[in-house]
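# Analysis of the macromolecular model
The chain contents come next:
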Amino acid sequence: MSALLAARRAPAAANALRLSGYARRQLQSVQIRKAHTQPPKADVPPTFYPRMTAAPALLWTAAALGVGVFWYKEVEERFGAEGASPSPLVGDAKKKTAELLEAGKAKAQGLADEARDKASSAKDQANEVAENVKANAASAQKQASDKVASVKDSADEKVGELKGKAESAKQAATDKLKDAKQSAEEKAGQVKEKAAGLKQSATDRAKALKDIAEEKIDAAKSKAEDVKKAAADKAESVKKAVKDKVDAGKEKAEDVKQAGADKAKSVKKDAEDKVEDVKKAAKGKADELKDKSELVKQDAKEKVDDAKETLKSKAKAAAEEAKSQGADIKEKAQAGAQVVQAKVSETLDLEPLADDTTVVFVLGGPGAGKGTQCANLVRDYGFVHLSAGDLLRAEQNRPNSKYGELINTYIKEGKIVPMEITIALLHAAMKEAKSSRFLIDGFPRKMDQALKFEEAVVKSKFVLYFECPEEEMLKRLLKRGETSGRVDDNIESIKKRFRVFEDTSYPVIEHYQDQGKVQKVSCKQPIASVYAQTKDVIEKELHL
Ligand SMILES: Nc1ncnc2c1ncn2[C@@H]1O[C@H](COP(=O)(O)OP(=O)(O)O)[C@@H](O)[C@H]1O
Ligand SMILES: O=c1ccn([C@@H]2O[C@H](COP(=O)(O)OP(=O)(O)O)[C@@H](O)[C@H]2O)c(=O)[nH]1
């Protein structure tokens, strides 16, 4: 049995021998690696490298020894001391095993020694390589730092040069700025002085003109008041005379009627009396008397009708006379008003604009899109856009404006505000704009405005007429009215504005059409298409 166990343990001894062979091969691999004199990887310290390769060899040797000792101990435990072996075969095996173990031990020791020596020489070589690498790195570092120092020196030099240049440029700029500032200040002083002079003379002139105008207006007003009062007095007296005459006529007609009625009554009574008398006497005579009474009655009726007719025609003649007198008074009053208006016009006293001023009248019904297209032209061609309606609305809202109330009433009713106000506003705005190119939008809307403006301010170049059907304009204005806040963007005012446009403003367009000055643009298209047409017209007419 123990011989069998010993035989079984023999392969374990062989394994120990195999392990020691593996340890030898590991040592050979150390030698091979060492033959390649490559430096160790950067992250592994050079002294660690040989130790790393020798370590597995030592481990394997120790393991082989451990297995051998374990196996030997077990055999000893199971089978006791050498002398207790049951057979010489077991003794042999034991002996052989001990020999093998001894030989393995000696070999492992030899290999371990060899490995240690080789590891130590590998360590020395590795240290040498590391020293070399270190020396190379130090010299490279030195070269690099020399280069950095020289680059830095030349950069410092350049920075110095540039700094000098910048300093001198800065000084030159400061000098220039100082000079410019001084001359600007001088110029500003001169301009300021000139402006103050101009302002003063303009103020004086405006004041003088205002005084004259106010005087004239007061005189005209009082004259108008007189004329109005005289007309009112006359109208009152004529009215009274007519009334008196009508009353007298009426009274007379009443008298005649009464007389007729009385007479008819008495005749009737007579007749009745007579009838009563005769009735008793003869029945035949009664019919005769009855006829007679009928005739008298008829006669009386005719007389009453005649009297009525006479009075009626008399009253009619009196009324006709009164009417013609009234018309006369109205005519006189109108003439008076015209005189007043003419006097007010004189007070306009406008200073005409330069002849080379370009003025384009932009006309069209309310809501045709005049303002929308003018805004595009301003953007693309730099016109100054003046909307008569906008100027009037601004004046209406200006605190202390004399005309605010009046303008509000006119605009709400869709009527044309007296031209003196509108022309004065346009003239002032044009003077203030100091431009030579104007789009005058929504003006002139009445013949008198057109004539006066061209006579007193400047002639227009042509009329840009935006043609649009009424139902389209109505639609646009009602939509605009949702947000515009304008007092006249409501259905009542819009209808009135359409009538005024047709009756009063369209004749202005016809007037310019007769002179061949109207350029028509059709508006019932999207804004962009309308603008494309508008641009063509403007460029062609003004040679832009
Ligand atoms: N071609 C167009 N198509 C549709 N809506 C338009 C067109 N042109 C203008 N509008 C709109 O119609 C309204 C009236 O235009 P606006 O330029 O104010 O007219 P107006 O010249 O009579 O003052 C505005 O609300 C505007 O946006
Ligand atoms: O020369 C003018 C221009 C405008 N208006 C008044 O201003 C209103 C609005 O005119 P606007 O051109 O602003 O509007 P539109 O009717 O063209 O949309 C008109 O109905 C008029 O009552 C006026 O009296 N005279």
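Just so you know, these numbers come straight off a predicted model, no measurement behind them.

Glancing now at the overall build of the protein chain. Counting its regular elements, the protein chain contains 12 helices and five strands. Sorting the 544 residues of the protein chain into buried and exposed places 28% on the buried side. A separation threshold of at least 6 residues defines the contact pool for the protein chain, and within that pool the share at least 24 residues apart is 79%. For the protein chain, the accessible surface area stands at approximately 36,000 Å², while carbon and sulfur atoms represent 56% of it.

Met430, Ile440, Phe453 and Val457 are the most contacted members of the largest nonpolar core, which has 35 residues in total. Contributing elements (two or more residues each) for this core: β1 (358–364), α6 (388–397), α7 (404–413), α8 (419–433), β3 (437–441), α9 (447–456), β4 (462–467) and α11 (491–514). Counting residues per element, this core draws most heavily on α8, which supplies seven residues. Setting aside anything within four residues of it in sequence, one finds Val457 in contact with Leu350, Pro352, Leu353, Ile423, His427, Met430 and Lys452. Counting residues in hydrophobic clusters, the runner-up holds 23 residues, among them Val362, Leu439, Met473 and Val530.

Our focus in this paragraph is the site of ligand 2. Neighbouring residues of ligand 2: 22 residues in total, closest Lys370, Arg393, Lys415, Val417 and Arg497. In the environment of ligand 2, an oxygen atom lies 2.9 Å from a nitrogen or oxygen atom belonging to the side chain of Arg445. The side chain of Gln449 places a nitrogen or oxygen atom 3.3 Å from an oxygen atom of ligand 2. Contact with the protein chains hides 97% of the accessible area of ligand 2, taken as 520 Å² for the molecule alone. Assessed atom by atom at 2 Å from the grid points, ligand 2 resides in the second largest pocket. Looking at the shell around ligand 2, the elements with two or more residues in it are α6 and α7.

Below, the discussion takes up a negative patch on the surface. Where like charges cluster on the molecular surface, the negative patch consists of Asp153, Asp156, Glu157 and Glu161. For Glu161, the location among the structural elements is in helix α3 (residues 88–281).

Strand order in this open sheet of five strands is β2-β3-β1-β4-β5, and the pairing throughout is parallel. Strands with a single pairing partner mark the edges of an open sheet, and in this sheet they are β2 (384–387) and β5 (518–522). Across the sheet, the mean angle separating the axes of adjacent strands is 20° when strand polarity is ignored. Packed on one face of the sheet, α6 meets β2 and β3 and runs near 65° to β2.

Here we take up the environment of Thr409. Inspection of the secondary structure puts Thr409 in helix α7. For Thr409 and Val487, which are 78 residues apart along the polypeptide, the C-alpha to C-alpha distance reads 9.8 Å. Within the local environment of Thr409, its side chain forms a polar contact with the backbone oxygen of Glu405, the two atoms lying 2.9 Å apart.

Conventions we followed
Residues numbered from 1 in each chain as written. Chains lettered and ligands numbered in written order. Predicted model: local features only at pLDDT ≥ 70, side-chain atom pairs only at ≥ 80, totals over all residues. Heavy atoms only, no water. Helix = DSSP H or I, 4+ residues; strand = E, 2+ residues; numbered from the N terminus. Buried < 20%, exposed > 50% of the residue type's maximum accessible area, 1.4 Å probe, protein only. Contact = heavy atoms within 4.5 Å. Areas by Shrake-Rupley, 256 points an atom, 1.4 Å probe, with all protein chains shown as cover. Core = buried A, V, L, I, M, F, W, Y, C linked by side-chain atoms within 4.5 Å. Near = heavy atom within 4 Å. Polar contact = N/O pair within 3.5 Å; in protein donor to acceptor, adjacent residues only side chain to side chain. 1 Å grid on protein atoms, 1.4 Å probe; cavity = no way out; pocket = protein on both sides within 12 Å on 5 of 7 lines; lining within 4 Å. Sits in = over half its atoms within 2 Å of the grid points. Patch = residues over 30% accessible without salt bridge, like charges linked within 9 Å, V, L, I, M, F, W, Y side chains within 5 Å. Salt bridge = Lys/Arg side-chain N within 4 Å of Asp/Glu carboxyl O. Lys, Arg positive; Asp, Glu negative; His and termini not counted. Charge placed at Lys NZ, Arg CZ, Asp CG, Glu CD. Pairing = 2+ DSSP bridges. Axes fitted to C-alpha atoms, helices over the stretch in contact; angles between N-to-C directions.

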